[in-house]
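Chain residues, written in single-letter form:
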Amino acid sequence: MKAVILAGGLGTRLSEETTVKPKPMVEIGGRPILWHIMKIYSASGINDFIICCGYKGYLIKEYFANYFLHMSDVTFDMRFNQMNVHCGYAEPWRVTLVDTGDKTMTGGRLKRVREHIGNETFCFTYGDGVSSVNIKELVKFHKEQNTLATLTASQPPGRFGAIHLEGDQTKITSFREKPDGDGAWVNSGFFVLEPETIDLIEDDNTVWEQEPLQKLAQMDELSAYKHPGFWQPMDTLRDKHLLEELWNSGSAPWKVW
């Protein structure tokens, strides 16, 4: 099975980092968040990736071109122009990097990599969010539902302290710092799709989360895999710091490998 990852957006809300690199290359614990996402899939035996590049995509290509060096200890002997690798290790990944355009929308990017996907069920997700979702169980659920598409639904945590006030009340009777969210389920990515879903994408300007998903829902071909566990997108610098803290704690919820 293949996994398609969107990695071409500008990441304007994380401009502190994305002025010099694409958002999926922003590092968590010294590794790009893209690497963390790929490790989540790899832990479930999915090692064939298609990366939809766009903004500063050449940096993603350079990262994988030099990946073996990133993962190894090396000695460079300048006198003889030689390189010796010590304790080299690299994941068994096959990575196809496709330039899908700087301004292409999410649906358009998926359509542009159609020829690399083939005719089998595939995974599809965003290049800026991590989760503890069980990919094997997700794929199994998708096949049981017998629909063209399955998305992972998560419940985001509350972001602010909540207080309780009624009417003209000015005295606070209860306070909860960062409570659970309002119970709503949201699209957290980690899709499992049939190739036919790409036929619903018109062109580069198609936003995947609009017409295609809406049509799939109307056709009764969109299932939701409810994941009550951890999910965290990296939209802002605050989110990046949160992920860094979790990683440095040694108990990052998405580290399933």
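See the structure above.
Each residue is numbered by its place in its chain's sequence as written, counting from 1. Reporting in this predicted model follows two pLDDT cut-offs: at least 70 for local features of residues, and 80 or more for side-chain atom pairs to be given and counted; totals over whole chains, interfaces and linings ignore these cut-offs and use all residues. Only hydrogens and water are removed before side-chain values are computed, so all heavy atoms of the structure are retained for them.

What to know about the layout of surface pockets
Here's step 1: Throughout, the protein atoms alone are placed on a 1 Å grid, and a set of points is a cavity if a 1.4 Å probe fits but cannot get out or a pocket if it is open with protein on both sides within 12 Å along at least five of seven lines; lining residues have an atom within 4 Å of a point. Grid points are joined across faces, edges and corners, and a volume is the space filled by probe spheres set on the points. In this structure, the largest pocket spans a volume of roughly 720 Å³.
Here's step 2: What lines the largest pocket is a set of 30 residues, among which Gly 9, Lys 23, Thr 106, Tyr 126 and Asp 128 lie closest to the centre.
Here's step 3: Of all elements in the fold, only strand S1 (2–7), helix H5 (106–112), strand S8 (122–126) and strand S16 (231–233) reach the threshold of two or more residues within the lining of the largest pocket.
Here's step 4: Each residue belonging to the lining of the largest pocket can be placed in one class, and the counts come to 10 nonpolar, 12 polar and 8 charged. Strands are runs of DSSP state E lasting at least 2 residues, helices are runs of H or I lasting at least 4, and numbering of each runs from the N terminus. In the scheme used here, Gly and all other residues not listed as nonpolar or charged are polar, with Ala, Val, Leu, Ile, Met, Phe, Trp, Tyr, Cys and Pro taken as nonpolar and Asp, Glu, Lys and Arg as charged.

Brief notes about the pairing of strand S4 (residues 48–53)
Successive residues of a regular strand alternate their side chains across the two faces of the sheet.
Here's step 1: Each residue is assigned to one of three classes by its accessible area relative to the maximum for its type, calculated with a 1.4 Å probe on protein chains only: buried under 20%, partly exposed between the two thresholds, exposed over 50%. The element S4 is largely enclosed, with a buried count of 6 among its 6 residues.
Here's step 2: Burial along S4 is two-sided: the residues Asp 48, Ile 50 and Cys 52 and Phe 49, Ile 51 and Cys 53 are all buried.
Here's step 3: One ladder, built from 6 bridges, connects S1 with S4; its direction is parallel. The residue bridging Ala 3 from the neighbouring strand is Phe 49, located in S4.
Here's step 4: DSSP bridges decide pairing: two strands pair if at least two such bridges lie between them. Bridge count for S4 against strand S7 (residues 94–99) is 6 bridges, and the pairing is parallel. Bridge assignment links Cys 53 to a residue of S7, and that residue is Asp 99.

Focus on helix H2 (residues 33–42)
Here's step 1: Summarising burial for H2: 10 of the 10 residues are buried, a large majority.
Here's step 2: The set of residues buried in H2 consists of Ile 33, Leu 34, Trp 35, His 36, Ile 37, Met 38, Lys 39, Ile 40, Tyr 41 and Ser 42.

Focus: unusual backbone geometry
Here's step 1: Of note in the backbone geometry, Phe 190 takes a positive phi value of approximately 45° without being a glycine.
Here's step 2: Residue position: Phe 190 is located in the loop between strand S13 (186–187) and strand S14 (191–193).
Here's step 3: Non-glycine residue Asp 220 carries a positive phi angle of around 60°.
Here's step 4: Structurally, Asp 220 is set in the loop between helix H8 (211–218) and strand S15 (222–226).
Here's step 5: For Asp 220, a relative accessible area of 65% corresponds to the exposed category.

By themselves, these are just geometric observations and shouldn't be taken as functional.
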